[in-house]
Amino acid sequence: MKLFKAIGDHDGTGQVDEIAEFGKQLVEVQERLQRRPFFTALPPGDRNRYLNGSKAHLHSLEDIGSRCGIPVPVFRMFYLIWSTQAHGLPMSYHRMAADKRGAGVHCFVEESYTAMCLNLCAQLLVDSTAEMHELFRDFPAAQNPRPPVPGLLGKMLARAGQ
């Protein structure tokens, strides 16, 4: 909500109406959440943080990564790499190497970081899909899953002979 309120209706497209609708949906979701026994069993401080959006995860990111099968040291490495990619640092421009890493232009190191990110995301997607099928194996839709649609990654793997 904060983002939409900050944007406002600067271009006259009626976004104010959409913000009001999002506000109604927010209240509805909060009310539904407050009726859940699991949620009501949480400490009051945690409940408030979830309701106002200041806390998004029940468990730490490291714990979530570990539960996904990523060893904590590997998770920390990826987290540091992605954090560095996402948050530009003022001093970065003073220590750029000759390959222009961090300058926003193509270089092998940046490309390899992107490839690592995509590889991990693809693996997590495959693993989480398998876990969902296992968790919901008794539901009719899970017994006859649709075949995966070969997207860009599927085409790339097919070309690579995997």
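S.K.: Explain the overall build of the protein chain to me, please; I cannot follow it from the model alone.
M.R.: Each helix and strand in the protein chain was counted, giving nine helices and zero strands. Ordered by position from the N terminus, the helices and strands of the protein chain form the series α-α-α-α-α-α-α-α-α. For the protein chain, the residues scored as buried account for 12% of the 162 residues in total. Within the protein chain, contacts between residues at least 6 apart in sequence are counted, and of these 19% link residues at least 24 apart. Accessible surface, the protein chain: about 13,200 Å² in total, of which carbon and sulfur atoms supply 62%.

S.K.: Any chance you could explain the pattern of salt bridges here in plain terms?
M.R.: Here the idea is simple: oppositely charged side chains can pair when their charged atoms come close. Scanning all chains against the criterion turns up five salt bridges. Among the ionic pairs, arginine 49 bridges to aspartate 46, the shortest N-O distance being 2.7 Å. One end of the pair is arginine 49 and the other is aspartate 46, both in helix α4 (residues 44–51) and three residues apart, which spans about a single turn. Relative accessible area serves as the criterion here: at 17%, aspartate 46 is assigned to the buried category. Residue aspartate 63 is joined to arginine 67 by a salt bridge in which the shortest nitrogen-to-oxygen separation is 3.1 Å. Placement of the pair is aspartate 63 and arginine 67 together in helix α5 (residues 61–67), with a separation of four residues, close to one helical turn. Using a relative accessible area of 26% as the deciding quantity, one classes aspartate 63 as partly exposed. Look at the salt bridges and you will find they share partners, linking Asp46, Arg49 and Lys55 into a network.

S.K.: How should a nonpolar patch on the surface be read in this particular structure?
M.R.: On the surface, Met132, Leu135, Phe136 and Phe139 cluster together into a nonpolar patch covering about 430 Å² of accessible area. Structurally, the position occupied by methionine 132 is in helix α7 (residues 108–135).

S.K.: Before we go on, may I ask you to explain α4 in this structure?
M.R.: Within α4, burial applies to Asp46, Tyr50 and Leu51. Seen from one end, α4 has its buried residues packed into an arc of 135 degrees, which puts them on one side.

S.K.: Just to check I follow, could you spell out α7 for this structure?
M.R.: Owing to its 3.6 residues per turn, the α-helix aligns residues three or four sequence positions apart on the same side. Between its first and last C-alpha, α7 extends 40 Å over 28 residues, near the 40 Å set by a 1.5 Å rise per residue. Those residues of α7 lying buried are Glu110, Tyr113, Leu120 and Ala122.

S.K.: When you look at the environment of threonine 114 in this model, what are you seeing that I'm missing?
M.R.: Tracing the chain through its elements places threonine 114 in helix α7. With 33 residues separating them in the primary sequence, threonine 114 and isoleucine 81 have C-alpha atoms 9.9 Å apart.

S.K.: Quick question: what am I supposed to make of the state of the cysteines here?
M.R.: Put plainly, two cysteines are in a disulfide when a covalent bond ties their sulfur atoms together. Scanning all chains against the criterion turns up zero disulfides. Not engaged in a disulfide, the cysteine cysteine 117 finds its nearest cysteine sulfur in cysteine 121; these two sulfurs lie 4.1 Å apart. When its relative accessible area of 39% is taken as the criterion, cysteine 121 is described as partly exposed.

Rules used in this analysis
- Residues numbered from 1 in each chain as written.
- Predicted model: local features only at pLDDT ≥ 70, side-chain atom pairs only at ≥ 80, totals over all residues.
- Heavy atoms only, no water.
- Helix = DSSP H or I, 4+ residues; strand = E, 2+ residues; numbered from the N terminus.
- Buried < 20%, exposed > 50% of the residue type's maximum accessible area, 1.4 Å probe, protein only.
- Contact = heavy atoms within 4.5 Å.
- Areas by Shrake-Rupley, 256 points an atom, 1.4 Å probe, with all protein chains shown as cover.
- Salt bridge = Lys/Arg side-chain N within 4 Å of Asp/Glu carboxyl O.
- Patch = residues over 30% accessible without salt bridge, like charges linked within 9 Å, V, L, I, M, F, W, Y side chains within 5 Å.
- Arc of directions from axis to C-beta.
- Expected span 1.5 Å × (residues − 1).
- Disulfide = S-S within 2.5 Å.

Keep in mind these values describe shape, not function.
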